[in-house]
Amino acid sequence: MHELSVCQALVNQVVEIAQQNSAHTVQLITLYIGPLAGVEPALLVSAFPLAAAGTVAASAQLVIEPQPLRVHCQTCGADTEATPNRLLCGICGDYHTQLISGDELMLANLELIT
Amino acid sequence: MCDTCGCNITPGNRHLAYKPVNGGTSAISVLKKLLAHNDDQAAHNRAHFDTRGILTINLMSSPGSGKTALLEATIDALKDEFRLAVIEGDLETENDAARIRARGVPAYQITTGSACHLDAHMVHEALHHLNLSMVDILFVENVGNLVCPASFDLGQHRNVTLLSVTEGDDKPAKYPVMFRAADAVVLSKIDLLPVLDDFDPARAEQCLRQLASTVPLLPLSARKGQGMAAWYDWLRSELAAQRARVSAGQTVKPYIQPDGARLHAEVG
Ligand SMILES: [Zn+2]
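Residues numbered from 1 in each chain as written. Chains lettered and ligands numbered in written order. Predicted model: local features only at pLDDT ≥ 70, side-chain atom pairs only at ≥ 80, totals over all residues. Heavy atoms only, no water.

Here's the deal with the interface of chain A and chain B
Across the contact, 45 residues belong to chain A and 40 residues belong to chain B. Run the count over chain A and chain B and you get zero salt bridges. Counting the contacts that link chain A with chain B gives 13 residue pairs in polar contact (both at pLDDT 80 or more). Listed by contribution, the elements that provide at least two residues to the side of chain A that touches chain B are helix 1 (3–20), strand 1 (25–33), strand 2 (61–66), strand 5 (97–101) and strand 6 (105–113) of chain A. Residue contributions to the side of chain A that touches chain B peak at nine residues, all from strand 6 of chain A. For the side of chain A that touches chain B, the class distribution of residues is 25 nonpolar, 15 polar and five charged. Taken together, the seven bridges between strand 6 of chain A and strand 1 (residues 25–33) of chain B define a ladder with antiparallel strand orientation. Bridge assignment links A:Leu110 to a residue of strand 1 of chain B, and that residue is B:Ile28. (Contact = heavy atoms within 4.5 Å. Salt bridge = Lys/Arg side-chain N within 4 Å of Asp/Glu carboxyl O. Polar contact = N/O pair within 3.5 Å; in protein donor to acceptor, adjacent residues only side chain to side chain. Helix = DSSP H or I, 4+ residues; strand = E, 2+ residues; numbered from the N terminus. Nonpolar A, V, L, I, M, F, W, Y, C, P; charged D, E, K, R; others polar. Pairing = 2+ DSSP bridges.)

Regarding the confidence of the model for chain B
Residues and elements named next belong to chain B. When pLDDT is averaged along chain B, the result is 87, and 87% of the positions lie at 70 or above. Under a pLDDT of 50 for its full length, residues 1–9 has, in the predicted model, eleven contacts with residues more than four places off or in other chains. Note that residues 257–268 has pLDDT below 50 and, in this model, 16 contacts with residues that lie over four places away or in other chains. The ipTM, which scores confidence in the relative placement of chains, is 0.87 for this predicted complex, and the corresponding pTM is 0.87. (pLDDT = per-residue confidence, 0-100.)

Looking at the packing of helix 3 (residues 67–78) of chain B against helix 9 (residues 228–247) of chain B
All names here are of chain B. It is the contact of helix 3 with helix 9, at a shortest axis distance of 11 Å, that shows an interaxial angle of 75 degrees. Of the possible angle classes, the one that applies to helix 3 and helix 9 is roughly perpendicular. Only Met228, Trp231, Tyr232, Leu235 and Arg236 of helix 9 make contact with helix 3, whose side of the interface consists of Leu70, Ala73, Thr74, Ala77 and Leu78. Its residues placed into classes, the contact of helix 3 with helix 9 shows eight nonpolar, one polar and one charged. (Axes fitted to C-alpha atoms, helices over the stretch in contact; angles between N-to-C directions. Parallel < 35°, antiparallel > 145°, perpendicular 65-115°, else oblique.)

Looking at the sheet that holds strand 6 (residues 158–164) of chain B
All names here are of chain B. An order of 4-3-5-2-6-7-8 is seen for the seven strands of this open sheet, with the pairing classed as parallel. Two strands lie at the open edges of the sheet, namely strand 4 (107–111) and strand 8 (217–219), each paired on one side alone. Across the sheet, the axes of successive neighbouring strands diverge by a mean angle of 20 degrees, strand direction being ignored. Where strand 7 (residues 184–188) meets strand 8, three bridges bridge the pair, whose relative direction is parallel. Within the sheet, the bridge partner assigned to Val185 lies in strand 8 and is Leu217. Its contacts with the sheet place helix 8 (residues 201–209) against strand 6, strand 7 and strand 8, and it is angled at close to 160 degrees to strand 8.

A few points about the nonpolar core
The biggest cluster of nonpolar side chains holds 34 residues, and the ones touching the most others in it are A:Leu10, A:Val26, A:Ile29, A:Leu31, A:Phe48, A:Leu107 and A:Leu110. Contributing elements (two or more residues each) for this core: helix 1, strand 1, helix 2 (41–52), strand 2 and strand 6 of chain A together with strand 1 of chain B. Per-element accounting of this core gives the leading share, nine residues, to helix 1 of chain A. Residues in contact with A:Leu110, not counting those within four places in the same chain, are A:Val14, A:Ile17, A:Val26, A:Leu28, A:Ile29, B:Ser26, B:Ala27, B:Ile28 and B:Val30. Residues B:Leu59, B:Trp231, B:Tyr232 and B:Trp234 belong to the second largest nonpolar core, which totals 29 residues. (Core = buried A, V, L, I, M, F, W, Y, C linked by side-chain atoms within 4.5 Å. Buried < 20%, exposed > 50% of the residue type's maximum accessible area, 1.4 Å probe, protein only.)

Observations regarding helix 5 (residues 120–127) of chain B
All names here are of chain B. The element helix 5 is largely enclosed, with a buried count of six among its eight residues. Among the residues making up helix 5, those that are buried are Ala120, Met122, Val123, His124, Ala126 and Leu127. Contacts made by the buried residues of helix 5 are with helix 2 (36–51), strand 3 (84–90), strand 4 and strand 5 (137–141). The backbone nitrogen of His121 lies 3.0 Å from a side-chain oxygen of the residue at the head of helix 5, namely Asp119.

Have a look at this one:
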C-alpha cells in the first residue's frame, strides 16, 4: 500500500517545518483527508509510527479530520452532499458536477514544542 | 477524562480541545498538500516534456488488463506517424520493456521493488535514460494496481485507465479515485464480450458517469484490432492539443487534481 509513502512525505514536511521553527518535538499533527483522497486514514495511522521513528515527530499524535464530500452542479447550480461512487447532483441528479470538497490530502496544522 | 492522550476527543469537540495552546508549544497552520514534494517534482517533469513538445500519457489499470498489449498495437500502428517512447513500471521484471523494444521503440524499465506505484522521482530518474529530443508521445505504463497510482502525479498530461471486460463492470464504483482520475477510459479485450455473460458495457459506463466523469469511454480489442481507430484519433487530438498549448506557453495536468482541493487550500 502507498500509505507508507504518503506517511514518509508527511514526516519529511513535518520535520522541515519543525526545523524552521526550532522545535524539538512535534506534539500534534492534524491532517485533512477527504473520502476521495485515495488514502485509507486507518492505514495512514498505522504506518505513521514507522515513518516517524527517530524523528522529532516520533511521539506526535496524528489527528485526521475527515472532510465532507460535496459537489457543485453545473446544470442547476446546487451544492449538495455526495458519496465516493455517486457524485451526482443531489437536487437534479445530473452528473455534470464539480467536486467542491472531498479530495483533500493536506497537512492542516502542527503543534510544536520549542 | 484525560487531557493528554486524546481519548476524550471526538470529531465534535476536537477543534476546542487543542486551543488555546500552552506556553512552550506553538500551533502552526500549514494547509499544504501532503504530496507537495512529489507534486513539485511532477511539475519539473512536466516542464521537461513541455519544452520538447512531448505529450505524456500515464496508463493505469489492474494487473493483466492489457496495457502492454495496447501499447504494442499502438506502436505497430503509429510508429511511422509519431516518435514514441515508453517508460514501464513493474514490481520486478524487465519483460514489458523488452516487449516494447522488440517493436523498435525506446523503452526504459523502472522496477519498483515493493512500491505499488510510480512516483514523480522515479519517472524523473527514468527520463535521464531516454533521449527525449526524439519523442512525440511518451507513454508511462504504471504498476498494475487500481488504488495507489492514482495518488501520485508523475508530470503526465493525461491519464488513461483501462478496464478489461474480464473484470467486473462495477469496477468504477469500487475504485472511484482511480476512475475519476481518468481523462479517457479504455474498455479493453472487448473481443471476449460474447463469451462473458456478466459484463455489461452500459453498466460500466453508468458507473463511470456516476463519478461525474464526462470523459470518453473507448471500447477496443488490441488483439483483434477492434475499436482501435477511436483510440488513435484520441491520441492524435491530444497531441495536437498539447502542441497548441506548448506554442501558447501553457501546460495541462490530468483531471486528477481537481478544483476542490485547490479552492479549499486557497480559502485557508
Ligand atoms: Zn443539479
